[in-house]
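Observations on the model geometry
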Amino acid sequence: MIERRSFESLGGANHGWLNAKHHFSFANYYDPKRMSWGNLRVWNDDEIAAGTGFPPHPHADMEIITYVRDGAITHEDSLGNKGRTVAGDVQVMSAGTGIRHSEYNAEPDLTRIFQIWIEPTKRGEAPSWGTKPFPKGERSGQFVVLASGFEGDADALPIRTDARIVAATLKAGDSADYALGATRRAYLVPAKGEIEVNGVRLNARDGAAIAQEDVVTVTAISDAEIVLVDAA
């Protein structure tokens, strides 16, 4: 079962400095049919103007993954962490018992990110933050694990939940498989390019809610960059 959710059908709001599209109900956008997908709660497609960003604000008990599509995001938090995550790379914040953070586009051009929230397996743990580079060349033609709650994914950023975030870059005509398993759910978005997912066509920034599929096969119609969350 694959449900295409076109980019045009997404909720959202344009605040001037932030143009946000929401794959799931978020802030003032509410759709009872798009509340979550398993333990995946938020997938926001954010465009942040140069020299602007999210001022310090709190979170608790949520795994927050930021995938940078273009530009860079600069992070600061109440734990004293500071870091800059550039296009193609990932940062993870485990909010745990509570953390305040800011996310700014300190670059001269527009920054584009996917902001992904996943419910944690356990609540009340100590907060943490981390970032890591993931060269796009290493995921050419295959899915690479970026963040994971599974012990076997040693090269991925750790998250405290039953989920995995993977990504691939494909040239036009190439395909890549992801072994999902029929009892799992996945949510997939092409950051760039047109693709087919088990025969269902998606345009850039469309979403695909996937269930009851043992294997997810992605074929690129044009050069594409794909992000997928494997959710419980």
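Throughout what follows, the structure given in this document is the object of discussion. Numbering of residues starts from 1 in each chain and follows the order in which that chain's sequence is written. Two thresholds apply to this predicted model, a pLDDT of at least 70 for residue-level local features and 80 or more for giving and counting side-chain atom pairs, whereas whole-chain, interface and lining totals are computed over all residues. Side-chain numbers come from the whole structure's heavy atoms, not from hydrogens or water.

A short note on the overall build of the protein chain
- Each helix corresponds to a stretch of at least 4 residues labelled H or I by DSSP, and each strand to a stretch of at least 2 residues labelled E; elements are numbered beginning at the N terminus. From N to C terminus, the protein chain includes zero helices and 22 strands.
- Its C-alpha atoms give the protein chain a radius of gyration of 16 Å, within 12% of the compact-globule value 17 Å for 232 residues.
- With the C-alpha coordinates of the protein chain rotated into their principal frame, the extents come out at 45 × 40 × 35 Å.
- Considering only contacts in the protein chain between residues 6 or more positions apart, those separated by 24 or more positions represent 71%.
- Taken as a whole, the protein chain presents about 9,800 Å² of accessible surface, with 49% of it coming from carbon and sulfur.
- Each charge class in the protein chain can be summarised by its mean position, and for the 24 positive and 32 negative side chains these summaries are 3 Å apart. A radius of gyration in this sense is built from C-alpha atoms; the matching globule rule multiplies 2.2 Å by the number of residues raised to 0.38. Throughout, a contact is declared for two residues whenever any of their heavy atoms are within 4.5 Å. Accessible surface is estimated by sampling points in the Shrake-Rupley manner with a 1.4 Å probe; for residues, cover comes only from the protein chains shown. When charges are counted, neither His nor the chain ends are considered; positive counts come from Lys and Arg and negative counts from Asp and Glu. Positions of charges follow a simple convention, taking NZ of Lys, CZ of Arg, CG of Asp or CD of Glu.

Here's the deal with the sheet that holds strand β19 (residues 200–202)
- Paired strands, as defined in this entry, are two strands with at least two bridges between them according to DSSP. Spatially, the four strands line up as an open sheet ordered β16-β21-β18-β19, and their pairing is antiparallel. Either end of the sheet is taken by a strand with one partner, and the two such strands are β16 (175–179) and β19. Ignoring strand direction, the axes of neighbouring strands in this sheet form an average angle of 25 degrees.
- One ladder, built from three bridges, connects strand β18 (residues 195–197) with β19; its direction is antiparallel. When the bridges of β19 are listed, Glu 196 appears paired with Arg 201. Angles shown run from 0 to 180 degrees and are taken between the N-to-C directions of axes, each axis being a line fitted to C-alpha atoms and, for helices, limited to the stretch in contact.

Remarks on the pairing of β16
- Exposure is judged per residue with a 1.4 Å probe applied to protein chains only, and the accessible area is read against the type maximum: over 50% gives exposed, under 20% gives buried, and values in between give partly exposed. The alternating pattern of β16 places Ala 176 and Tyr 178 on a buried face and Ser 175, Asp 177 and Ala 179 on a face that is not buried.
- Pairing of β16 with strand β21 (residues 215–220) involves five bridges; the strand directions are antiparallel. Across the sheet, residue Ala 179 finds its bridge partner in β21, namely Val 215.

A word on the pattern of salt bridges
- Salt bridges, as used here, are contacts in which a Lys or Arg side-chain nitrogen is within 4 Å of a carboxyl oxygen on Asp or Glu. With the rule as written, the count across this model stands at 18 salt bridges.
- For Glu 47, the salt bridge identified is with Arg 205, shortest N-O distance 3.4 Å. Of this pair, Glu 47 sits in strand β4 (residues 40–48) while Arg 205 sits in the loop between β19 and β20 (207–211), placing them 158 residues apart in sequence.
- We classify Glu 47 as buried; its relative accessible area is 14%.
- As a salt-bridge pair, Arg 164 and Asp 153 come within 2.7 Å of each other at their nearest N and O atoms. Taken together, the positions of Arg 164 in strand β15 (residues 163–170) and Asp 153 in the loop between β13 (144–148) and β14 (157–158) put the pair 11 residues apart, joining distant regions of the chain. Assigned by exposure class, Arg 164 and Asp 153 land together as buried.
- Among the charged side chains, a salt-bridge network with shared partners connects Asp 45, Glu 47, Arg 69, Asp 70, Arg 112, Lys 136, Lys 192, Arg 205 and Glu 225.

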